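Secondary and tertiary structure notes
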Amino acid sequence: MIGYLFTPTPKIIEEAGPDDVAAIAAIHARSFPQEWTVDELAALLSKPGVAALVARRGSLWTSTRPVGFVIYRLAADEAEILTIAVSPSHRGAGVGANLVGAALRRLYSDRAARVFLEVDAENAAALAIYRRFGFQIVGQRPAYYGHADGRKGLALVMRCDLG
């Protein structure tokens, strides 16, 4: 029983609700230099075709506060992952990959044929996850991402065909 207490807590992936928006904004602010406010996120999530999933700790003894999220948009048969982030204390535990996988499964069931995203070319962890799910680089956007040190980073446009 003691060994169980020290094993990583499994994560639950579910649709985000209105009560999750503040936690999503906080995770986003800790993950990107260009933060989105609670109001901006609430407005985005109210748009047709936009949805969010959150990852929560899967234990009766811990907080149900989100530890990661993914926001995506579906229009006709094309989708885009708009943003994804994991709380710094939960990175490296598979939360990001679980969120991407859950989003792709939902988009597939909603009949999306392909999914696009943009990722900072310097984000090796994210690139590894996306490649694992079959995303391929289809374009670039120079000087797209702002970095905390003032540099502008290259965005890679990636696509995953679901069909």
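Use the structure listed above.
Here the residue numbering is sequential within each chain, running from 1 through the sequence in written order. Only residues with pLDDT of at least 70 are given local features in this predicted model, and only at 80 or more are side-chain atom pairs given and counted; all residues enter the totals for whole chains, interfaces and linings. Heavy atoms throughout the structure, all of them, feed into the side-chain values; hydrogens and water do not.

**As for the environment of V21**
The helix and strand labels rest on DSSP assignments: H or I over at least four residues marks a helix, E over at least two residues marks a strand, and numbering proceeds from the N terminus. Mapping V21 onto the fold places it in helix α2 (residues 21-31). Three exposure classes are used, based on accessible area relative to the maximum for each residue type with a 1.4 Å probe and protein chains only: buried under 20%, partly exposed in between, and exposed over 50%. A relative accessible area of 8% means that V21 is categorised as buried. Linking V21 and L45, residues 24 residues apart in sequence, is a C-alpha distance of 9.0 Å. Should any heavy atoms of two residues lie within 4.5 Å, those residues are considered in contact. Excluding residues that lie within four positions of it along the chain, V21 makes contacts with V38, L41, A42 and L45.

**A look at the sheet that holds strand β2 (residues 50-57)**
When DSSP locates at least two bridges between a pair of strands, those strands are taken to pair. Taken in spatial order, the seven strands of this open sheet run β1-β2-β3-β4-β5-β7-β6, and their pairing is mixed. Every other strand in the sheet has two partners, leaving β1 (11-15) and β6 (136-146) as the edge strands with one partner each. Between one strand axis and the next, the sheet turns by 25° as a mean value, whatever way the strands run. Bridge count for strand β3 (residues 66-75) against strand β4 (residues 78-86) is eight bridges, and the pairing is antiparallel. Bridge pairing in β4 places R73 opposite E80. The angle between two axes is taken between their N-to-C directions and runs from 0 to 180 degrees, where each axis is a line fitted to C-alpha atoms and a helix contributes only its stretch in contact.

**Some thoughts on helix α4 (residues 95-109)**
How far a helix is expected to stretch is found by multiplying one less than its residue total by 1.5 Å. With 15 residues, α4 ought to run about 21 Å at 1.5 Å a step, and its terminal C-alpha atoms sit 21 Å apart, in line with that. Inspection of α4 places V95, G96, A97, L99, V100, G101, A102, A103, L104 and L107 among the buried residues, and these make up the whole buried set. On its buried face, α4 is in contact with β1, β2, β3, β4, β5 (114-120) and α5 (124-132). R111 occupies a position one or two residues after α4 and carries a positive phi of about 75°.

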